[in-house]
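What follows is each chain in one-letter form.
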Amino acid sequence: MGAAEEITAWLREAGLAGPAEAPAVTPLAGGVSSDVFRVDLARGPVCVKRALAQLKVAADWRAPVERSANEAAWLRAVRPLRGPIVPEVLAEDTRRHLFAMTWFEPASHPVWKAELTAGRVDSAFAAAVGRALARVHAGTADAPDLARAFATDAMFVSLRIEPYLTHTAAAHPALGSRLGAIAETTLATRRALVHGDVSPKNILGGPDGPVFLDAECAWYGDPAFDIAFCANHLLLKAVWQPQHAAAYAAAFDALVRAYLKGVAWEPAEALEARAAPLLAALLLARIDGKSPVEYLTTEAAKARVRDAASALLARPALRFADAAGEIHDRLGAP
Ligand SMILES: Nc1ncnc2c1ncn2[C@@H]1O[C@H](COP(=O)(O)OP(=O)(O)OP(=O)(O)O)[C@@H](O)[C@H]1O
Ligand SMILES: [Mg+2]
């Protein structure tokens, strides 16, 4: 049975497709860790996502297929919170590691990364992302039931901490102890439900605000990880496309300010004191970790990020503005 037949058979079993219904199953390009399909059912289009055992990017990067259930669980946990928009889980099969969810029409819900890449940088949208993310964290903070349901520490270590922080420490022995301490702090902090992959490629820009996708790495841990991970992308985009640097800087500022305003479970300064060093570490990780950004290809661009990150990591205490300052000080002429 091909993928389309398998998906159709499952949708019939799950009751989303009628017994004789033969919907069009269209694979989407772009996903590297899953097969993602648009399926045009009689009830309307749905999205089906199935986890792959082997990521399409790196031959030696495997991820447990249970992350599919983890993603569906995150969607279910977040949907009742007021604010963040996420797909509804319509059906799930934990044995086959797949689930069906609401389809968001790409024409009205462009991927944020595509917008940012094209230089359409909307600070109000970035602020909405920050607000929504803070709502997820505030709405899930200090919840023992969620901590038990998302005790995914082993997966978070293998999919986030090792590829980003441990791998980078190995490439920069002089920064090893600092990076190791940042990783330890992150892992030791269990305060809220972390999405784990808040990247512009996993956020859609809809008419009602940001839509969050792809929570495979969800973990009950340090919310600082999500804001650092997301803000990092805006700094890297400025190095890539310095002609839009001012707009990316404004979006960075809007994102982190809106987020910090929503930090209700601990002092915002305490959150920022963990997130800003993590941001510096992730900057370096996107050059010398296991998952480097695909768009920074010139040695000059990589050197700028390495210099900024190294300067930041040498400082004892950091704020978000320090990271933005170090990056923007090093931008070459457009
Ligand atoms: N519910 C949805 N409605 C519309 N499009 C979707 C939906 N879910 C995913 N997509 C599209 O498919 C793409 C890949 O989805 P997703 O990020 O969940 O998969 P992935 O394989 O984990 O991706 P990656 O590992 O590359 O981040 C998204 O960027 C989006 O364009
Ligand atoms: Mg994705």
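It should be emphasised that the depicted structure is a prediction, and the values quoted were computed from it without experimental measurement. Position numbers for residues count from 1 along each chain, tracking the sequence in the order it is written. In the order they appear in the text, chains get letters beginning with A and ligands get numbers beginning with 1. In keeping with the predicted nature of the model, local features appear solely for residues at pLDDT of at least 70, side-chain atom pairs appear and are counted solely at 80 or more, and the whole-chain, interface and lining totals rest on all residues. To obtain the side-chain values, all non-hydrogen atoms of the structure were used and water was disregarded.

1. With respect to helix 1 (residues 3-13)
No. 1: Buried within helix 1 are the following residues: Ile7, Thr8, Trp10 and Leu11. Down the axis of helix 1, the sector holding all buried residues measures 165 degrees, keeping them to one side.
No. 2: Those residues of helix 1 that are buried are in contact with strand 1 (24-27), strand 2 (34-41), strand 3 (44-51), strand 4 (89-93) and strand 5 (98-102).
No. 3: Backbone geometry just downstream of helix 1 places glycine 15 in the positive-phi region, at approximately 85 degrees. For each residue, the accessible area found with a 1.4 Å probe, counting protein chains only, is set against the maximum for its type, and the residue is called buried under 20%, exposed over 50%, and partly exposed in between. Numbering of helices and strands runs from the N terminus, with a helix taken as a DSSP run of H or I at least four residues long and a strand as a DSSP run of E at least two residues long. An arc is given here, and it is the one of the directions from the helix axis to the C-beta atoms. Whether two residues are in contact is decided by their heavy atoms: any pair within 4.5 Å suffices.

2. Describing the sheet that holds strand 2
Across a sheet, paired strands are connected by hydrogen bonds in the backbone, their directions being either parallel or antiparallel.
No. 1: Read across the open sheet, the five strands follow the order 1-2-3-5-4; overall the sheet is antiparallel. On the outer flanks of this sheet lie strand 1 and strand 4, each paired with one strand and no other. Sheet twist, expressed as the average angle between the axes of neighbouring strands with direction ignored, equals 20 degrees.
No. 2: Judged from the four bridges that link them, strand 1 and strand 2 form a sheet pairing that is antiparallel. Paired with valine 25 across the bridge in strand 2 is valine 39. The criterion for strand pairing is that DSSP finds at least two bridges linking the strands in question. To obtain each axis, a line is fitted to C-alpha atoms, and for helices this fit is confined to the stretch in contact; angles are then taken between N-to-C directions over 0 to 180 degrees.

3. Some thoughts on the coordination of the magnesium ion (ligand 2)
No. 1: As a rule, N, O and S atoms within 2.8 Å of a metal are its donors, except that Na, K and Ca use 3.2 Å; water is not among the atoms, so sites may look incomplete. Coordination of the magnesium ion (ligand 2) by the protein is provided by Asn202 (OD1) and Asp214 (OD), with metal-donor distances spanning 2.0 to 2.1 Å. On the criterion of sequence distance, the pair formed by asparagine 202 in the loop between strand 6 (192-194) and strand 7 (203-206) and aspartate 214 in the loop between strand 8 (209-212) and strand 9 (219-221) is long-range, its members being 12 residues apart.

4. Describing the site of ligand 1
No. 1: The immediate surroundings of ligand 1 are formed by 19 residues, with Lys49, Thr102, Lys201, Asn202 and Asp214 found nearest.
No. 2: Here an oxygen atom of ligand 1 and a side-chain polar atom of lysine 49 are 2.7 Å apart.
No. 3: One nitrogen or oxygen atom from the main chain of phenylalanine 104 is found 3.0 Å from a nitrogen atom belonging to ligand 1.
No. 4: Surface burial for ligand 1 is 90%, taken as the share of its 620 Å² of free accessible area covered by protein chains.
No. 5: Only strand 2, strand 3 and strand 5 provide two or more residues apiece to the shell around ligand 1.
No. 6: Note on residue categories: nonpolar means Ala, Val, Leu, Ile, Met, Phe, Trp, Tyr, Cys or Pro, charged means Asp, Glu, Lys or Arg, and polar means any other residue, Gly included. Grouping the constituent residues of the shell around ligand 1 by class yields nine nonpolar, six polar and four charged.
No. 7: For the domain bounds, the source is a domain assignment made automatically or taken from a database. A domain-level breakdown of the shell around ligand 1 finds at least three residues from each of domain 1 (3-102) and domain 2 (112-329). Think of it this way: one heavy atom of a residue within 4 Å of a molecule or strand is enough to make that residue near it. As used in this structure description, the phrase polar contact means that two N or O atoms lie within 3.5 Å; if the pair is within protein, one of them must be able to donate a hydrogen and the other to accept it, and residues adjacent in sequence are counted only when both atoms belong to side chains. Residue exposure ignores everything except the shown protein chains as possible cover, and the areas themselves are Shrake-Rupley values with a 1.4 Å probe.

5. Looking at the environment of valine 305
No. 1: Along the polypeptide, valine 305 turns up in helix 11 (residues 299-313).
No. 2: Owing to a relative accessible area of 0%, valine 305 belongs among the buried residues under this scheme.
No. 3: Considered as a pair, valine 305 and isoleucine 327 are 22 residues apart in the sequence and their alpha carbons are 6.9 Å apart.
No. 4: When residues no more than four places from it in sequence are discounted, the contact partners of valine 305 are Leu236, Val239, Leu283, Ile287 and Leu296.

6. A look at unusual backbone geometry
No. 1: Despite not being glycine, aspartate 142 has its phi angle at roughly 50 degrees, a positive value.
No. 2: Within the secondary structure, aspartate 142 sits in the loop between helix 4 (123-140) and helix 5 (144-149).
No. 3: For aspartate 142, a relative accessible area of 47% translates into the label partly exposed.
No. 4: In this structure, aspartate 214 is a non-glycine residue whose phi angle is positive, near 65 degrees.

7. Topic: the domain arrangement of the protein chain
No. 1: Entries for the protein chain in the domain assignment read domain 1 (3-102) and domain 2 (112-329).
No. 2: A separation of 26 Å is found between the C-alpha centroids of domain 1 and domain 2.
No. 3: Each side of the interface is counted separately: domain 1 has 23 residues, and domain 2 has 27 residues.
No. 4: Here the quantity called buried area is the total loss of accessible area, with a 1.4 Å probe, experienced by two parts when brought into contact, counted for both. Across the domain 1/domain 2 interface, buried area totals approximately 2,000 Å², and carbon plus sulfur atoms make up 67% of it.
No. 5: Definition used for salt bridges: Asp or Glu carboxyl oxygen within 4 Å of a side-chain nitrogen of Lys or Arg. Counting across the interface, domain 1 meets domain 2 through three salt bridges.
No. 6: With its nearest N and O atoms 2.8 Å apart, the salt bridge here joins lysine 49 to aspartate 214.
No. 7: Taken together, domain 1 and domain 2 are joined by nine residue pairs in polar contact (both at pLDDT 80 or more).
No. 8: No other element matches helix 2 (residues 67-78), which puts eight residues into the side of domain 1 that touches domain 2.
No. 9: When the residues that make up the side of domain 1 that touches domain 2 are grouped by side-chain class, the tally is 13 nonpolar, four polar and six charged.

8. So, the packing of aromatic side chains
No. 1: Aromatic pairing here means that ring centres of Phe, Tyr or Trp (its six-membered ring) are within 6.5 Å. Orientation follows from the plane angle: under 30 degrees is stacked, over 60 is edge-to-face, and everything else is tilted. Taken as a whole, this structure holds eight aromatic pairs when the rule is applied.
No. 2: Note on tyrosine 259 and tryptophan 265: the rings are 6.4 Å apart at their centroids and 65 degrees apart in plane angle, and the pair reads as edge-to-face. Accessibility assignment for this pair places tyrosine 259 and tryptophan 265 in one class, buried.

9. A closer look at the environment of alanine 285
No. 1: In this structure, alanine 285 sits in helix 10 (residues 268-288).
No. 2: Considered as a pair, alanine 285 and tyrosine 164 are 121 residues apart in the sequence and their alpha carbons are 5.1 Å apart.
No. 3: Not counting the four nearest positions on each side in its chain, alanine 285 is found in contact with Tyr164 and Thr168.

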